[in-house]
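# Topology and contacts: notes
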Amino acid sequence: MESISLMRQMKNLLLKSDDLDPKGELNISVRKTFLECCSYALSDSDSECPLDKNKFIEIDSVVDFIYEEINTGHWCEVPIYMRQYYTASQFIKCIIILKHATHCSQQLLTKCLECIDMGLLLGCPLDNKELLTNSAKILNIEINKIEPDNSCKESVSSFPVKRKVEDLPSFDKIVAKEVDIVECPSLELFNKTYLCTQVPVKIKDCMRHWPAMKKWQNVDYLLNIAGERTVPVEIGAHYADEEWSQKLMKLKDFILKYYVSESGDIGYLAQHNLFDQIAELKEDIRIPEYCCLSLDYENNTEAEPDINAWFGPAGTVSPLHQDPKNNILSQVFGRKQVLLYSPDDSPHLYPHEGKLLSNTAQVDPLKPDLSRFPEFHKAKMYKCLLEPGEMLFIPVKWWHHVVAIDKSFSVSFWWM
Ligand SMILES: O=C(O)CCC(=O)C(=O)O
């Protein structure tokens, strides 16, 4: 497809004339440049608005300015409209790239997709909520037309070497009570026996209808759908480790470097709402029916649970921590070993002091240092081996420590 037709397709995604005009204060001269770039990008004819190569530099400077604004101070204090400006300016940058191009090379399309992903990752949806997700879909279709075959040809099932997770005790040897196991319980039974009483349980046989169960086994499928997409990756042993860092990278690079390679380096695509970013993958999962139950119907206004992806090699570790919502951790492939403790045991788990890590325990339940944490022996441990097609219900604030025994993909659903 010619870049001009692709640009038109993307412009057709706009619903209203003020789709790209967030309501909020922006530096006057930056806003002026932003508006000039918008009218340049959206103008229909070259005679009305001749090509001006400087416009790329101008919109790029707007993007940089807003990037600095949203990365200054605490993330939660960044005004929503500023992140919406970021979304809008990345969309305009993408349109200008297409406007200035003569044909759609792989490199050009990838550059456009990078703009859209940065908008999705750091921006905030505009009133036209699907603008960037639909833009990404259109660009991805074009990318796959040029290069349908990705360089990484490994599928999970055909990849024979299994890296051993060092030091992980075998599940049977862990002295702990195993969580209850039920087979696809009715809503009523789940509500009464587990949700209302806040008791963890492993649920079997509730994921057969997920298209992901078959499709995601094949890495080529993930690469075709999302290989060129930019995703956040956690690098290092685990998030409470001093050496830990986060990086944005293409999914295909993550897969090659950390997933297919047996280097032993740990990279984890963790706690990321991949499904709002990549709409095609959301079609492969199903929200568990149990998430429509609530402990507090009056104050529960959220339409959908928070859905996150957890995708990585064997050996990823999520240290012992607790979360503020109920969770159904759903295992698509690979096995995970989960250790759990009740919130009543919090004093025996030594939560970190300070706000940032206060939901994380200092004690490592697999190697507890009893001289530093003498009360730990009082905590009652529960264990669960989560296998493909199984879900684990983790009640609000239950502590959980998770290790991937194999290459693994889980999806968590947090709700109240
Ligand atoms: O699977 C993991 O590594 C951690 C999952 C988790 O902590 C969660 O879903 O809240």
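Residues numbered from 1 in each chain as written. Predicted model: local features only at pLDDT ≥ 70, side-chain atom pairs only at ≥ 80, totals over all residues. Heavy atoms only, no water.

## Thoughts on the nonpolar core
- One finds Phe190, Trp210, Trp216, Phe311, Val332, Phe409 and Val411 to be the most contacted residues of the largest nonpolar core, which totals 49 residues.
- In this structure, Phe190 is in contact with Pro185, Leu195, Val201, Ile203, Tyr290, Leu293, Phe393 and Trp415, ignoring residues within four places of it in sequence.
- The next biggest cluster of nonpolar side chains, apart from the first, holds 48 residues, and it includes Tyr40, Ile95, Ile96 and Cys115. (Core = buried A, V, L, I, M, F, W, Y, C linked by side-chain atoms within 4.5 Å. Buried < 20%, exposed > 50% of the residue type's maximum accessible area, 1.4 Å probe, protein only. Contact = heavy atoms within 4.5 Å.)

## Topic: the site of the ligand
- All residues in the neighbourhood of the ligand are listed as Tyr268, Trp310, Ser318, His321, Asp323, Asn327, Leu329, Lys336, His400, Val402, Ser412 and Trp414.
- His321 is positioned such that a nitrogen or oxygen atom in its side chain is 3.0 Å from an oxygen atom of the ligand.
- Lys336 is positioned with one of its side-chain polar atoms (N or O) 2.7 Å from an oxygen atom of the ligand.
- In isolation the ligand exposes 300 Å². Once the protein is present, 100% of that is buried.
- Secondary-structure elements contributing two or more residues to the shell around the ligand are strand 8 (317-321), strand 9 (326-333), strand 13 (399-404) and strand 14 (408-415).
- Taken together, the residues of the shell around the ligand sort by class into 5 nonpolar, 5 polar and 2 charged. (Near = heavy atom within 4 Å. Polar contact = N/O pair within 3.5 Å; in protein donor to acceptor, adjacent residues only side chain to side chain. Areas by Shrake-Rupley, 256 points an atom, 1.4 Å probe, with all protein chains shown as cover. Helix = DSSP H or I, 4+ residues; strand = E, 2+ residues; numbered from the N terminus. Nonpolar A, V, L, I, M, F, W, Y, C, P; charged D, E, K, R; others polar.)

## Re the environment of Arg335
- Looking at where Arg335 falls in the secondary structure, it is placed in the loop between strand 9 and strand 10 (336-341).
- Accessibility expressed as a relative area gives 29% for Arg335, which makes it partly exposed.
- For the pair Arg335 and Leu386, spaced 51 residues apart in the sequence, the C-alpha separation amounts to 5.6 Å.
- For Arg335, the contacting residues outside a window of four places in its chain are Leu386, Glu387, Pro388, Val403, Ala404, Ile405 and Asp406.
- Reaching out from Arg335, the side chain makes a polar contact with the side chain of Asp406 at a distance of 2.8 Å.

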